[in-house]
Amino acid sequence: MKNSTLITLLCFLCTMVCHKTNAQDAVATEDSEWSQQWAHAFSKEGRKAWKPEFTLRCDGGIYATGWAATGGVRIDEKRSLGLLMGKGNLYIDHVPGEINNIRTALTFRRYFHLGKRKIISFYSDLYAGAAITYKVKGKYRTNTETGEVIEMIEDDKGDVWPLIGWQPGIRIRFVKNVHLFLGSTISTDCYGLHIGFGF
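Notes on the structure in this doc start here. What you are looking at is a predicted structure, and each value in this text was computed from that prediction instead of being measured. (Residues numbered from 1 in each chain as written. Predicted model: local features only at pLDDT ≥ 70, side-chain atom pairs only at ≥ 80, totals over all residues. Heavy atoms only, no water.)

This brings us to the packing of aromatic side chains. Under the counting rule described, the total for this entry stands at 3 aromatic pairs. Between the aromatic rings of F54 and F199, the centroid separation amounts to 5.7 Å while the plane-to-plane angle is 40°, which identifies the pairing as tilted. You can see F54 sitting in strand 1 (residues 51-61) and its partner F199 sitting in the segment after strand 10 (191-198), a full 145 residues away along the chain. A relative accessible area of 40% places F54 in the partly exposed class. The class of F199 is partly exposed, set by a relative accessible area of 44%. Seen in terms of ring centroids, Y123 and F181 are 5.2 Å apart; in terms of plane orientation they differ by 70°. Their pairing is edge-to-face. Of the two residues, Y123 sits in strand 5 (residues 120-137) while F181 sits in strand 9 (residues 178-187), which places them 58 residues apart along the sequence. The same class applies to Y123 as to F181, namely buried. (Phe/Tyr/Trp six-rings, centres within 6.5 Å; stacked < 30°, edge-to-face > 60°. Helix = DSSP H or I, 4+ residues; strand = E, 2+ residues; numbered from the N terminus. Buried < 20%, exposed > 50% of the residue type's maximum accessible area, 1.4 Å probe, protein only.)

Pasting the structure below:
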C-alpha cells in the first residue's frame, strides 16, 4: 500500500513538473514572438510599412464632454502609436459650474480585425498624459443676503492633473480608408461614449 501510494505521489509530482515546464516554454515562446514583432516593426525594413493615421473623436458621459484629435503612425496592420490633443469640459452639477481643460497624451491602439477585408474591426485605445485647466466657471458664488463670497469649486486655472484612459470600440470602414469609430470611454475625466471618424 505504501509503495503504491509513493509511486502515485511521484507520478503526480512528475506530471506537475512537466506541465509547469511546458507552460513556461509556451509563455517564453509567446514573449519571444512578441519581442520579435516589435523589433521588426522598428527595424529599417519594418519602418517601410509605416502609414500615417488620424482620428477625430467626440466623447460625452457623466458630467463631461470633449473632443480629441489623434495623429500618429500605424506600424503594422494591428498596432498604432500616436499623440492625442484635445479639449475637455467637466460640469459641476451642484454649483452649477464648469471646468475647461486642454488634454494631451501618448496613445497606443490595438486592432482586432474581422475577416480578410478588414471592413469591421474591434479596437482598444490606451492613452496616458496630462490635462491642464485653463478656465473655471462658477468658482465663486456671492451670498446675496450677507455679501459673503463663497468658493464653490476648488480647482484653479493652471492646475495640471494626470490623464489616463481606455477607449474600446468598433471600427467600420465606409469609403476607401475612411472609418467610423464608436465605443466607450473610461478615463480619469470621463465615463461615457465616444464617436468619430479616422483615416
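Resuming the write-up.
Next up on the list: the side chain of T133. By secondary structure assignment, the location of T133 is in strand 5. Residue class for T133 comes out buried when judged on its relative accessible area of 1%.

Sheet topology places strand 8 (residues 160-175) next to strand 9; 8 bridges connect them, and they run antiparallel. Within the sheet, the bridge partner assigned to R173 lies in strand 9 and is H179. The hairpin turn running from strand 8 into strand 9, its antiparallel successor, is 2 residues long, and K176 in that turn takes a positive phi close to 50°. Remark: 3 residues form the turn of the hairpin made by strand 9 and strand 10, two consecutive strands paired antiparallel. (Pairing = 2+ DSSP bridges.)

Moving on to the sheet that holds strand 3 (residues 79-92). Reading around the circumference, 1-2-3-4-5-8-9-10 is the order of the 8 strands in this closed barrel, with antiparallel pairing throughout. Looking at each pair of strands side by side, their axes are set apart by 25° on average, direction ignored. (Axes fitted to C-alpha atoms, helices over the stretch in contact; angles between N-to-C directions.)

Below, the discussion takes up a nonpolar patch on the surface. Together, F54, L56, W67, F174, V175, V178, F197 and F199 give the surface a local cluster of nonpolar side chains, amounting to about 790 Å² of exposed area. Looking at the nonpolar patch, the elements with two or more residues in it are strand 1 and strand 8. Locating V175 in the fold gives a position in strand 8. Its relative accessible area of 53% is what places V175 among the exposed residues. (Patch = residues over 30% accessible without salt bridge, like charges linked within 9 Å, V, L, I, M, F, W, Y side chains within 5 Å. Areas by Shrake-Rupley, 256 points an atom, 1.4 Å probe, with all protein chains shown as cover. Salt bridge = Lys/Arg side-chain N within 4 Å of Asp/Glu carboxyl O.)

Counting through the fold element by element, P52 comes out in strand 1. As a C-alpha pair, P52 and G82 span 30 residues in sequence and 9.4 Å in three-dimensional space. When residues no more than four places from it in sequence are discounted, the contact partners of P52 are G72, V73, R74 and F199. (Contact = heavy atoms within 4.5 Å.)

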